[in-house]
Every structure is written in structure tokens, then in C-alpha cells.
Amino acid sequence: MRPKIFSFDFLISAFKKPPVIDSPADNLDAMRRQLLNFALSLGLPGVCIFATATVLREDGLLSVFNILLVIVVAISYFMLPRVKHAVIIFRFFLFPIYLLYLYELSLGGAYGAMIHWAYILPLLTFFLLGKNEGAYWAGVEFVAVQLLLWVEQPFFEVYPYPVQIKARFTAAYFAVIWLAYVFEKSRHRFQHWLEEERDKLAAAGIEKEKANSALAESNINLHRAKEQAEIANQAKSEFLANMSHEIRTPMNAILGYADLLYSDLKDEQYQHYVHIIRTSGSNLLRLINDILDLSKIEAGRMEINRTPIDIRSLFKEIQNIFSITTAQKEIGLKINLAERIPEYLMMDEARFRQVLFNLIGNAVKFTEKGGVDVIVDVVATNNPQTWTLQIDVNDTGIGIDPKLQSKIFQSFCHDTSLSEKNIEGTGLGLAISKNLVEMMDGQITVQSEAGKGSQFKLVFNNVAEAKHSEAMATASNEQSPDQIIFQEATILLADDLEINRELVRNYLNSAPLSILEAADGRAAVKMATEYRPDIILLDIRMPEFDGYEAIHRIRANSLAPDVPIIAVTASGTSKDIDKIKTAGFDDHLIRPFSRVDLFQLLARYLPHENTDEQQAHKPVDEMAAIMSTAKLDDLTRFPNVVETLNNDLIIKWESINKRQNLPRIEAFAKKNQSIGQQYNLKSLSNYGLLLQKHTENCNISGIIATMAKYPNLIDNICQFQQNNGAQ
């Protein structure tokens, strides 16, 4: 549909207040307005002069057309700033211009003007009206020109142009129109592409704004989540610190007094009861330590301290510890160490021991038939001073569900199917073990099949070999309390709990140390100033002044600026330890602590002497006493006893000693008592009593040592029999 050129609304809008044009959205319309404004500025004086000339020449019809053209151009120029679209102005005066151009063409003579309009007018038409409407008006103009040039007019005379001029003009005019149409079409496509790209950019800008808004919102949410996580982490740290303090404080008294009671009791049955208390307390303390270790690992505050360790002695100790459990379950525990393993390796003994106890303990716990095999070997590296340590823990136990294998190293991971088997645990052991192994430059992997056992593989990289001298130097620093003989010194003990002060007094009752006691921080500061002790044990949580305030006041006092001050605390988190170091404490002692811990710490700061360990401990060898009584046994009345001893008891001993089954060992002990009483063999009866006592008290080392000496006892009895001529 062709747009309307003239309308009543358009004429009215021309005389209204000019619309406010901020920034035209269409850049092409702005260009059209500028071009039209330029054309009107140049054309208005020209048409005025041309109209004046025709009026003076008294050219009637041409004068009328020129005057109308002047009016149209003037109105257009006046309306241009008031009409929103420049195209409307061009449409307004386009028709009169065409009429004037055709009239001039019919008159002839004005050849330059004709050529000018022939080339310029179509170009302006296409540029100002666009491809479609421009082609329409250019076509109308072309048809009108051809009618004037080639068709005889009955109404008025037309200048007789030569045929060649007509043909050239027609061809040139058509070419100009066609080229203008192609150019406008290309420009229109390009403009359309630009608009699409602009729309895409606008859409991309909108999406970018949305993305930026979403990112900003995400950052806000992340910041809030971080704040909440920090608050939760702070709450967790405070909870762990409070839990550690509240549980460790009574545990200090339980384990401390259990140690004192165990060392003072002579009755082995009562010692067994106390041993159960100590074991249960240690298990509870181990659970607390696991939780604290997990917290340290998560906070990145776990430290690895490598020292020389005797790996063979360590695995022998582990085998002895688990031997009673494996004997009761009638399963085997084999530990195979390659001969090429160095005597000493640089490892964090506490963490390494913790990992081994977790893995081997789990293997024993989840194995009911068969046994557990531990294979230890080393592989040489490019560095002759380091090794790759490999440890395989294989068991024939219940195995691990494949769905659970990827989760077993996560915290609090349990196999729900084990609940029916009364197998308990915190679910922290493997998670902590994995983190500890990785911190020691190692890896831990698992292969398992449900019902067919499991294989845990440990690989520690770049394990340094320790020299014998380094190992001996480390071992010399580990002294038992009986090896440490303190010189006279004064200790200030500040603790608000009487039970804690009493425990320290009992630990030190055999040492020549004077103990001053303070029940709060204020009293501790006063006594430190008055008595100037040689060392101060300062509890962190006390009334009046806490440990931090107390040490600040003591250090500020010129009378006691350099006295060693030890922080005693039940909170063992890394954050608390860092705070203790920052406050200026020389060392720390974490509850619950043993007599050994206390003596070794005091030995760092108080003058003392060291005694030889062999002289400090002179245990009574009960088996030696039993062996010495074998020569008193009289076998002359029972000549067949030798055969019973060699063919019956020795065979049973060989079978029982291989399996280490506790009930069978106890039955074997009673059997020896029975035969000893029957044949009046006092050494055999005493042996049975000693072995039974060890089994009742769960004394693993005593059982192993006593069982190992049984063949020697039988040989001694038989030897004395032969010497006496019984046979």
C-alpha cells in the first residue's frame, strides 16, 4: 500500500509546537534529515532567483510553477525541524518538483538542468524514500519522461529532441535508476544486518546485565554463605574446645589416679580391674583425639614431625598388641618384613602408628575366619638416601560393598549392614588415616570384594633412611620417670581444681620438689612474685585471672621475668596451642597427662640426673624362680612321667603356641597344675599357676614369654630326672 503524501492531520501537525527529538533511534532518518536540510538550504535561494527571472521574463506558466516551488520549498524548510521524520517533508514537495521537471523537459533548451535532474533526483528519491517507495516514484518519473520524449502530445508541444539524445538519455536514466535501486537494496540489507547485529548486541547486553546481576547476587549469597560457614566453623571450634576441656579435665583425674593405683596395687586381679579402667579411658580419649585430629586436618593445622623409628620393633609391638584378639577369634596375624628394609626410617611415629593401628585393627575386627597378612617392603628411588615404603594389609574378612568403597575414606562413613553384627566404630579412622597418609607424602588405596576380604595398600614416597646415631640420640631423650632424678627445686602449681593439684602432688611425691599451690590466677601472680619459683604450672581456665592474664602480669613483674611458665590446658586444638605460644608460655601440657609426660616436661627446665634404665628397673623373674625349683622335683616314684611330659604336654604346647588361643592357653595352664599336683611336681604346678594368672589378667607379654620358656622347663625337669637315675 502506497503511503499517503498529503493529509489533513499532516498539514495541522506542521504548525504545531516542534516535537522534542532527543536522540533518534534510527540513524538513517537522522542522515536523511541532514541531507534534506542541506538540499533545502541550497535550493531555496536558487528557486527564488529562478522564479524571479521567469516572472520578469513574463513566462506565465513557468512563473506559476516556480512560485509554487518556492512556496513548497519554503514551507518544507519551515516544517523540517517540527516534523519527526524527514521523509514526510520530501514527500510534501516531491510531486511539484516532478511537475516542474517535466515541464522544463517539454520546453527543452535547459539541457544542463535536465541532465542534472535526470541523475540527481532519482538518487535523492531512493535515499530519502527507501528501496520500495523510491523505486515506485522513480518508475513513475521514468514512465512520464518516456511519454514526453517518445509519444506525440496532442495537448502541448514538446521540444523535438534528436533520436540519439532520446536513446542516450533513456539508457542513462534507466541505468541510474537501476544502479540506485541495487545500491539501495544492498544498503537496505546491510542496514537490516546492522539492526539484527544491534539487536543481538542489545540482547547480549541484556543477557550480560542479567548474568552480571546473577553474578552479583551469587557473590552476595556466597559472601553470606561464607559468613555463615565462618560462624559455623567458629561455633564448631568453640564446641570442640569446650568439649575437649570438659571431658579431658575429669579424664585427667580418671587416668592419672588409675596409673597411680595400678603401680601401687600388688594383687594382680585388682591390677586387672584397674587395667580395664585405663584401657576404657584411653579408648574414650582416643575418640576425642580423633575428632580433634579431624578438626586440625580440616583447618590445615596438622603438622608432621619426622623422627627416626625402628620399624621392626614397631610392627613387633603391633603384633603383640593384637595377638590376644586374634587368639580369641582363632585367626592368624602374620607380619612379613623384607630383609632389605633399613633399620631406622624417618617417619612421624605417632601418626604412622595411628594409621597402622587403624588399618590392622579394622582388618582384625572384620575378620572372623582365616587371618590378616601384613606385607612390608621398600623400593629404591633415584636418591640412595630415600626409599619408597610399601605396606599391604590383607584380610579374609567380610569385605566392602563396591558401592561403599568410594565413600569409606569420608568422615562418619558406616556400612549400615554391619549394624546387625554389633560392629561399632566412629567412622573417623579411615578418613583421618587417608589425610595423615597424604600429609606424609603417601597414598592409600583399597581393593575389596564383599565376602572375600579386603586389601589396603599404603605407599609412602621419599622416606629417608635414618642413621643409627640419630636414632640413639632420639631414644636417649625418651626417659622414664624412674630414670630422672631431680635436684631440689620449687614448683608453683596454679589450678582451681583441688583434684588436679592433688594428682600432680602424687605424681611428684617421690621427687625432691617443693610444691606451692594457688587456687586462682590472682594468687598465682602474688605467689610468683613472693616466692620466685623455679618453674610455674599455670592452668589456662581459672577464676580471678585466667592463664593469659596471669602470665602477662607475671612477665611484667621484674622479680620473675624469666621463670619458665608452662600452660596446663584441656583444650588441645591447634588454635589454642597457637594462642598459648603467642601469649609467651614456654611450653604446654595437655590434659590428661601421665606421670611420664609430667616428668619429661619438667626435665626440660629443671636440673636433674639420669640413671641407667636397667638399674632403675629390676623386675623379679618369676620363670627363673620356677626353673630353679625343677631340680627339687622327685620323679623316681613316677618313671612314666617323662613320657607324659614329652609326648603329651609338649605336643599340646606346640599346637597351642602356634594358634595363641586364650581359652586353650588357660586350659593348658590348668592341665599343668593338675599333672604337677598328681605327680608332686612343684615347678610344673607353679608354671600352671603363673600362666593362668597371665591369662586372667590379659597380660599378653607375660603369656608370650611364659609359653616360650615351657620347653626349657620340661627339659630341666627331665634332665634332673636323668641325673638322679630315675630311668
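Nothing here was measured: the structure is a model prediction, and the numbers come from that model. (Residues numbered from 1 in each chain as written. Predicted model: local features only at pLDDT ≥ 70, side-chain atom pairs only at ≥ 80, totals over all residues. Heavy atoms only, no water.)

### Quick notes on the overall build of the protein
The number of helices and strands found in the protein is 25 helices and 14 strands. Counting every position in the protein, which comprises 727 residues, the buried fraction comes to 42%. With the model as given, the accessible surface of the protein reaches about 40100 Å², and the carbon-plus-sulfur share is 56%. (Helix = DSSP H or I, 4+ residues; strand = E, 2+ residues; numbered from the N terminus. Buried < 20%, exposed > 50% of the residue type's maximum accessible area, 1.4 Å probe, protein only. Areas by Shrake-Rupley, 256 points an atom, 1.4 Å probe, with all protein chains shown as cover.)

### Some words on the nonpolar core
Ranked by size, the top nonpolar core spans 43 residues in total, and within it Phe352, Val374, Leu389, Ile391, Phe456 and Phe460 carry the most contacts. Take this core: its biggest share by element is seven residues, from helix H10 (residues 349-365). For Ile391, the residues in contact, after removing those within four places along its chain, are Phe315, Phe352, Leu356, Val374, Ile375, Val376, Phe456, Lys457, Leu458 and Phe460. Ile656, Ala669, Leu681 and Ile700 belong to the second-largest nonpolar core, a separate cluster that totals 29 residues. (Core = buried A, V, L, I, M, F, W, Y, C linked by side-chain atoms within 4.5 Å. Contact = heavy atoms within 4.5 Å.)

### Thoughts on the sheet that holds strand E9 (residues 489-494)
Sheet strands pair via backbone hydrogen bonds, and the direction of the pair is either parallel or antiparallel. In space, the five strands of this open sheet follow the order E10-E9-E11-E12-E13, with parallel pairing throughout. Only two strands of the sheet have a single neighbouring strand rather than two, namely strand E10 (513-518) and strand E13 (587-590). Averaged over all neighbouring strand pairs, the angle between strand axes comes to 20°, with direction disregarded. By the bridge criterion, four bridges tie strand E11 (residues 535-539) to strand E12 (residues 565-569) in an arrangement that is parallel. (Pairing = 2+ DSSP bridges. Axes fitted to C-alpha atoms, helices over the stretch in contact; angles between N-to-C directions.)

### Section: the confidence of the model for the protein
For the protein, per-residue confidence averages 75 on the pLDDT scale, and residues scoring 70 or more make up 69% of the total. Every residue in residues 1-25 is under pLDDT 50, and counting partners more than four places away or in other chains gives 28 contacts. Taken as a whole, residues 613-620 scores under 50 in pLDDT and shows six contacts with residues more than four places along the chain or in a different chain. (pLDDT = per-residue confidence, 0-100.)

### A word on the packing of helix H22 (residues 662-678) against helix H23 (residues 682-696)
In the contact formed by H22 and H23, the axes pass within 7 Å of each other and the chain directions differ by 155°. Classified by the angle their axes make, H22 and H23 are roughly antiparallel. For the pair H22 and H23, the sense of crossing is left-handed. Between H22 and H23, the residues in contact are Leu662, Ile665, Glu666, Phe668, Ala669, Lys670, Asn672, Gln673, Ile675, Gly676 and Gln677 and Leu684, Ser685, Tyr687, Gly688, Leu689, Leu691, Gln692, Thr695 and Glu696, respectively. Partitioning the contact of H22 with H23 into residue classes produces nine nonpolar, eight polar and three charged. (Parallel < 35°, antiparallel > 145°, perpendicular 65-115°, else oblique. Left-handed = near helix turned anticlockwise from the far one by under 90°. Nonpolar A, V, L, I, M, F, W, Y, C, P; charged D, E, K, R; others polar.)

### Things to note about helix H15 (residues 521-531)
Along H15, the positions that sit buried rather than exposed are Gly521, Ala524, Val525, Met527 and Ala528. Check the buried side of H15 and you find it contacts E9, E10, E11 and helix H16 (547-556). Of the residues one or two after H15, Arg532 is the one with positive phi, at around 45°.

### So, unusual backbone geometry
The omega torsion across Arg591 and Pro592 is -5°, close enough to zero to call that bond cis. Considering the arrangement of structural elements, one finds Pro592 in the loop between E13 and helix H18 (595-603). One non-glycine residue, Glu330, lies in the positive phi region at around 60°. Checked against the element boundaries, Glu330 lands in the loop between helix H9 (311-329) and strand E2 (332-337). Its identity is not glycine, yet Asn462 carries a phi of approximately 55°, on the positive side.

### Considerations on the sheet that holds E2
Here five strands make up an open sheet; going across it, the order is E2-E4-E5-E7-E6 and the pairing mixed. Edge positions in the open sheet fall to E2 and strand E6 (442-448), since each of these has one partner strand only. Averaged over all neighbouring strand pairs, the angle between strand axes comes to 15°, with direction disregarded. With seven bridges connecting them, E6 and strand E7 (residues 454-464) associate as antiparallel partners. Residue pairing for E7: Ser448 is matched across the bridge by Ser454. Where H9 meets the sheet, it contacts E2, strand E4 (371-380) and strand E5 (386-395), and its direction lies at approximately 175° from that of E2. Contacts from H10 reach E2, E4, E5, E6 and E7, with the element oriented near 20° to E5.

### Digging into the packing of aromatic side chains
Enumeration over the complete set of coordinates arrives at seven aromatic pairs. Where Tyr507 meets Phe593, the ring centres are 6.4 Å apart and the plane angle is 55°; that geometry is what we call tilted. Note that Tyr507 is positioned in helix H14 (residues 498-507) and Phe593 in the loop between E13 and H18, a separation of 86 residues in sequence. Each member of the pair, Tyr507 together with Phe593, is buried. Ring geometry for Tyr548 and Phe585: centres 6.3 Å apart, planes at 80°, overall edge-to-face. In this pair, Tyr548 is assigned in helix H16 and Phe585 in the loop between helix H17 (574-583) and E13, connecting sequence segments 37 residues apart. Phe585 matches Tyr548 in its accessibility class, with the two residues each being buried. Aromatic ring contacts, followed pair by pair, group Phe668, Tyr687 and Tyr710 into a single cluster. (Phe/Tyr/Trp six-rings, centres within 6.5 Å; stacked < 30°, edge-to-face > 60°.)

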